[in-house]
Amino acid sequence: MKTNISLAALILTAGVLSMQPAPAQSNASLHEQTKQNLSTAMHGEAFAYAKYMAYAEQARKSGDTALANLLEKTAKTERLEHFAEEARLAGLVGSNAANLKDAIKGESYETETMYREFAEQAEQAGDHAAAQRFEEIRKDEAKHRDAFTAALNKLEKKNQGDQ
Ligand SMILES: [Fe+2]
Ligand SMILES: [Fe+2]
């Protein structure tokens, strides 16, 4: 049952990743198609990382240590090499303030739009457990949004003080 829950969480993660608005930061010198492809590739690499880590957990629980190690090693390559290199090319990571603004945008979208709609749709479809979970996750995302907003305010205050 626990495995099913973590798999469900992963599927949710994929949904979030694929439906979030594009990051605020991007490398303006790249062709539009290349930018889109980098974004798609980063989503794929991030999901592969999360998925292989979950598969590794299952392999370790079943006693297959060699398979668990292979999955974890591959997951790390997806995250630390493939995703990281694509992020560098795409100019994904900006200043702390720009990163926080982008993160707030994503968490706000999940809180106010995505999970609200997902919960409503699941409820209407009779998938009550999923609806409840979407609503609980939505509340977590609101906390993330608020924590990031507080961090951004603190950062901006500090920057004003430095000037
Ligand atoms: Fe990869
Ligand atoms: Fe979040």
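Nothing here was measured: the structure is a model prediction, and the numbers come from that model. (Residues numbered from 1 in each chain as written. Chains lettered and ligands numbered in written order. Predicted model: local features only at pLDDT ≥ 70, side-chain atom pairs only at ≥ 80, totals over all residues. Heavy atoms only, no water.)

**Notes on the coordination of the iron ion (ligand 1)**
- Those donors, E45 (OE), E45 (OE), E78 (OE) and H82 (ND1), are the protein atoms that reach the iron ion (ligand 1), and they lie 2.1 to 2.6 Å from it.
- Sequence spacing of the donor residues for the iron ion (ligand 1), all on one chain, is E-x32-E-x3-H. With E78 and H82 both in helix α3 (residues 65-90) and 4 residues apart, this pair spans about one turn of that helix.
- Judged by relative accessible area, which is 30%, H82 ranks as partly exposed. (Donors = N, O, S within 2.8 Å, 3.2 Å for Na, K, Ca; no water. Helix = DSSP H or I, 4+ residues; strand = E, 2+ residues; numbered from the N terminus. Buried < 20%, exposed > 50% of the residue type's maximum accessible area, 1.4 Å probe, protein only.)

**What about helix α4 (residues 96-125)?**
- Its 30 residues place the ends of α4 41 Å apart at the C-alpha level, agreeing with the 44 Å of an ideal helix rising 1.5 Å per residue.
- By the largest-angle criterion, E110 marks the main kink of α4, which is about 45°.
- G126, located one to two residues past α4, shows a positive phi value of around 85°. (Expected span 1.5 Å × (residues − 1). Bend = angle between axes of the 7 residues up to and from the residue.)

**Quick look at the coordination of the iron ion (ligand 2)**
- The coordination sphere of the iron ion (ligand 2), as far as protein atoms go, consists of E107 (OE), E107 (OE), E141 (OE) and H144 (ND1), spread over 2.1 to 2.5 Å.
- Because the angles between the 4 donor atoms bound to the iron ion (ligand 2) fall within 53 to 131°, the donor set is best described as irregular.
- Positions of the donor residues of the iron ion (ligand 2), expressed as sequence spacing, correspond to E-x33-E-x2-H. Here E107, found in helix α4, pairs with H144, found in helix α5 (residues 128-162); they are 37 residues apart in sequence, far enough to count as distant.
- Taking the relative accessible area as the measure of exposure, E107 reaches 13% and is therefore buried. (Tetrahedral: all angles 85-135°; square planar, octahedral: opposite > 155°, others 65-115°.)

**Observations regarding the packing of helix α2 (residues 32-61) against α3**
- α3 packs onto α2 with a crossing angle of 165° between their chain directions and a minimal axis gap of 8 Å. Taken together, the axes of α2 and α3 are roughly antiparallel relative to one another. Read as a crossing pair, α2 and α3 show a hand that is left-handed.
- Looking at the contact of α2 with α3, its residues break down into 19 nonpolar, 4 polar and 7 charged. (Axes fitted to C-alpha atoms, helices over the stretch in contact; angles between N-to-C directions. Parallel < 35°, antiparallel > 145°, perpendicular 65-115°, else oblique. Left-handed = near helix turned anticlockwise from the far one by under 90°. Nonpolar A, V, L, I, M, F, W, Y, C, P; charged D, E, K, R; others polar.)

**Side note on the packing of aromatic side chains**
- Applying the stated criterion to the full structure yields 4 aromatic pairs.
- Judged by centre distance (6.3 Å) and plane angle (35°), the rings of Y52 and Y55 are tilted. One end of the pair is Y52 and the other is Y55, both in helix α2 and 3 residues apart, which spans about a single turn.
- Judged by centre distance (6.0 Å) and plane angle (35°), the ring pair of Y115 and F134 falls under tilted. Of this pair, Y115 sits in helix α4 while F134 sits in helix α5, and the two are 19 residues apart along the sequence. Each member of the pair, Y115 as well as F134, is classed as buried.
- A network of ring pairs unites the aromatic residues Y115, F118 and F134 as a single cluster. (Phe/Tyr/Trp six-rings, centres within 6.5 Å; stacked < 30°, edge-to-face > 60°.)

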